[in-house]
Amino acid sequence: MIAQINGRPIGFVQIIDPAREESRYWGDVAPDLRAIDIWIGEETDLGKGYGTKMMQLALNRCFADPRVTTVLIDPLASNTRAHRFYERLG
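Residues numbered from 1 in each chain as written. Predicted model: local features only at pLDDT ≥ 70, side-chain atom pairs only at ≥ 80, totals over all residues. Heavy atoms only, no water.

A. How the structure looks around the pattern of salt bridges. Within the structure shown, the criterion is met by 5 salt bridges. Measuring nitrogen to oxygen at the nearest pair gives 3.8 Å for the salt bridge that ties Asp-17 to Arg-34. Here Asp-17, found in the loop between strand 2 (8-16) and strand 3 (33-40), pairs with Arg-34, found in strand 3; they are 17 residues apart in sequence, far enough to count as distant. Using a relative accessible area of 22% as the deciding quantity, one classes Asp-17 as partly exposed. Assessed through its relative accessible area of 16%, Arg-34 is described here as buried. Here Arg-34 makes a salt bridge to Asp-65, at a shortest N to O gap of 3.8 Å. Placement of Arg-34 in strand 3 and of Asp-65 in the loop between helix 1 (50-63) and strand 4 (70-72) is noted, with a sequence separation of 31 residues between them. (Salt bridge = Lys/Arg side-chain N within 4 Å of Asp/Glu carboxyl O. Helix = DSSP H or I, 4+ residues; strand = E, 2+ residues; numbered from the N terminus. Buried < 20%, exposed > 50% of the residue type's maximum accessible area, 1.4 Å probe, protein only.)

The structure is reproduced here in structure tokens:
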């Protein structure tokens, strides 16, 4: 899904079923999980709440399915800003 502000693309969110993902990137995982990747394109769009809104919408979409119990994320260990972001969202 592409996030836009006033028609301008600012970011991208991907939601996948990691148990069905062909590359097996997530390994052997239980069914009914989801994995989310989120990107904000331009540095000038960081820190404005766009990522928070994108993630809230993505989480709502994931948990709209009552079978989904967990969402997986995998920020780089060095991306401390992303760690804080995900921690803030719970």
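B. Structural detail: the pairing of strand 3. Relative to strand 3, strand 2 is paired through 6 bridges, and the arrangement is antiparallel. Looking at strand 3, one finds that Gly-11 is bridged to Ile-40. In this sheet, strand 4 lies alongside strand 3 in parallel orientation, the contact comprising 3 bridges. Residue Leu-33 lies in a different strand from strand 4, and its bridge partner there is Thr-70. For the crossover from strand 3 across helix 1 to strand 4, the handedness is right-handed. (Pairing = 2+ DSSP bridges. Right-handed = clockwise from strand over helix to strand, strands pointing away.)

C. Representation of the layout of surface pockets within the structure. Its volume calculated, the largest pocket comes out at about 670 Å³. Around the largest pocket, the lining is made up of 24 residues, and of these Ile-38, Asn-79, Ala-82, Phe-85 and Tyr-86 lie nearest the centre. Taken together, the elements giving at least two residues each to the lining of the largest pocket come down to strand 3, helix 1 and helix 2 (80-89). Per element, the largest residue contribution to the lining of the largest pocket is 6 residues, and it comes from helix 2. In this structure, the second largest pocket is lined by Met-1, Ile-2, Ala-3, Ile-10, Val-13, Tyr-50, Lys-53, Met-54, Leu-57, Ala-58 and Arg-61. (1 Å grid on protein atoms, 1.4 Å probe; cavity = no way out; pocket = protein on both sides within 12 Å on 5 of 7 lines; lining within 4 Å. Points joined across faces, edges and corners; volume = space filled by probe spheres on them.)

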